[in-house]
Amino acid sequence: MKNGQIGSMDLRGTWRIIVIVIVCQFVGGAVCLALSLHHFWFMNFWLGAVAGTLPGFIIGVVWQIKSAPTSRAWIGVACLMGLLAVIITGMAFGVTLPRMQREMANLKALNQLQDEHLKQITVFDEFGKNRMTHFKAPQILAAFATGIADAVGHTLATIKSLSFSTHQTQPGRTPRALQ
């Protein structure tokens, strides 16, 4: 690393670290795909790949030290890679994983939704400012509850984005699905 810039020679000296990080990212991605922590496959793969970055870096550094014990020209680049691995992995577990868990908890709550819990449905525009319509008819509410429970229970993989909020209509009474 000269003048604070990384060149191709610097990266060639750390090829072992790069290869192991990539391998660990693919393994982590495959494991998270198998665990299916989220309804969207890419988020599962991405979380697993990012989680594999730090272990891959550590294994890669061990291999690098054992394979090139006399040369230490790669240490500056490895330090930068290590810092990036820690930041990326920390962001995945500190920000992305909790968000994914909240989204899945919301979807599971929808799966337990029953029509007797619904008093009305109000539909707003995508920005949540303008009310487009609302429904109070018991038949519509029952059909919505049945449809959303079926959709969430059977086709999680097709839902790309969903947000909802609930409002209590009677003080002190919270629907069972949201407790």
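Just so it is clear, the structure is predicted and the values come from calculations on it, not from any experiment.

## Here's the deal with the overall build of the protein chain
No. 1: Assigned secondary structure in the protein chain consists of six helices and two strands.
No. 2: Helices and strands appear in the protein chain in the N-to-C order α-α-α-α-α-β-β-α.
No. 3: Contacts spanning at least 24 positions in sequence make up 67% of the contacts within the protein chain whose residues lie at least 6 apart.
No. 4: Total accessible area on the protein chain stands at roughly 11,900 Å², and carbon and sulfur atoms take up 64% of it.

## What about the packing of aromatic side chains?
No. 1: Following the criterion strictly, the structure yields five aromatic pairs and no others.
No. 2: The interplanar angle of 50 degrees and the centroid separation of 6.5 Å between the aromatic rings of Phe40 and Phe42 together place this pair among those described as tilted.
No. 3: A relative accessible area of 38% means that Phe42 is categorised as partly exposed.
No. 4: Put simply, the rings of Phe40, Trp41 and Phe42 pair up and form one aromatic cluster.

## Comments concerning unusual backbone geometry
No. 1: Within the chain, Ser36 stands out as a residue other than glycine whose phi angle is a positive 50 degrees.
No. 2: By the secondary structure assignment, Ser36 is in the loop between α2 (15-35) and α3 (41-51).

## Focus on the pairing of strand β2 (residues 131-135)
No. 1: Pairing of strand β1 (residues 121-124) with β2 involves four bridges; the strand directions are antiparallel. Bridge pairing in β2 links Phe124 to Arg131.
No. 2: What sits between β1 and β2 in their antiparallel hairpin is a turn of six residues, with Gly128 showing a positive phi close to 75 degrees.

## Some words on the packing of α2 against α3
No. 1: At a minimum axis separation of 6 Å, α2 and α3 run at an interaxial angle of 135 degrees. Overall, the two elements α2 and α3 adopt an arrangement that is oblique. Once α2 is placed against α3, the crossing between them reads as right-handed. The segment α2 lies against α3, with Gln25, Phe26, Gly28, Gly29, Ala30, Cys32 and Leu33 engaging Trp41, Asn44, Phe45, Leu47, Gly48 and Ala49.
No. 2: Split by residue class, the contact of α2 with α3 holds eight nonpolar, five polar and no charged.

## Topic: the environment of Val62
No. 1: Within the secondary structure layout, Val62 lies in helix α4 (residues 53-67).
No. 2: A sequence separation of 45 residues divides Val62 from Ile17, and the C-alpha atoms of the two residues are 8.6 Å apart.

## Some details on the nonpolar core
No. 1: Ranked by size, the top nonpolar core spans nine residues in total: Ile17, Val21, Phe57, Val61, Trp74, Val77, Ala78, Met81 and Ala85.
No. 2: For this core, the element with the highest residue contribution is helix α5 (residues 75-111), accounting for four residues.
No. 3: When neighbours within four sequence positions are excluded, Trp74 is seen to be in contact with Gly13, Thr14, Ile17, Gln64, Ile65 and Ala68.

## Some details on α2
No. 1: With 21 residues, α2 should reach 30 Å at 1.5 Å per residue; the first-to-last C-alpha distance of 30 Å fits that figure.
No. 2: Taken together, the buried positions of α2 are occupied by Arg16, Ile17, Ile20, Val21, Cys24, Gly28, Gly29 and Cys32.

## Some remarks on a nonpolar patch on the surface
No. 1: A cluster of nonpolar side chains, Trp15, Val19, Val23, Val27, Val31, Leu35, Leu37 and Trp63, forms an exposed patch at the surface whose accessible area comes to about 700 Å².
No. 2: A total of six residues in the nonpolar patch trace back to one element, the largest contributor, which is α2.
No. 3: Mapped onto the secondary structure, Leu35 falls in helix α2.
No. 4: A relative accessible area of 55% places Leu35 in the exposed class.

## Digging into the confidence of the model for the protein chain
No. 1: The share of residues in the protein chain with pLDDT of 70 or more is 70%, and the mean pLDDT across the chain is 75.
No. 2: The lowest-confidence element of the protein chain is helix α1 (residues 8-12), averaging 62 in pLDDT; the highest-confidence one is α2, averaging 92.
No. 3: Predicted confidence for residues 154-162 stays below pLDDT 50, and this span has 13 contacts to residues more than four positions away or in other chains.
No. 4: Confidence drops under a pLDDT of 50 for residues 167-179, and excluding neighbours within four residues, the segment shows 18 contacts in the predicted structure.

About the cut-offs
- Residues numbered from 1 in each chain as written.
- Predicted model: local features only at pLDDT ≥ 70, side-chain atom pairs only at ≥ 80, totals over all residues.
- Heavy atoms only, no water.
- Helix = DSSP H or I, 4+ residues; strand = E, 2+ residues; numbered from the N terminus.
- Contact = heavy atoms within 4.5 Å.
- Areas by Shrake-Rupley, 256 points an atom, 1.4 Å probe, with all protein chains shown as cover.
- Phe/Tyr/Trp six-rings, centres within 6.5 Å; stacked < 30°, edge-to-face > 60°.
- Buried < 20%, exposed > 50% of the residue type's maximum accessible area, 1.4 Å probe, protein only.
- Pairing = 2+ DSSP bridges.
- Axes fitted to C-alpha atoms, helices over the stretch in contact; angles between N-to-C directions.
- Parallel < 35°, antiparallel > 145°, perpendicular 65-115°, else oblique.
- Left-handed = near helix turned anticlockwise from the far one by under 90°.
- Nonpolar A, V, L, I, M, F, W, Y, C, P; charged D, E, K, R; others polar.
- Core = buried A, V, L, I, M, F, W, Y, C linked by side-chain atoms within 4.5 Å.
- Expected span 1.5 Å × (residues − 1).
- Patch = residues over 30% accessible without salt bridge, like charges linked within 9 Å, V, L, I, M, F, W, Y side chains within 5 Å.
- Salt bridge = Lys/Arg side-chain N within 4 Å of Asp/Glu carboxyl O.
- pLDDT = per-residue confidence, 0-100.

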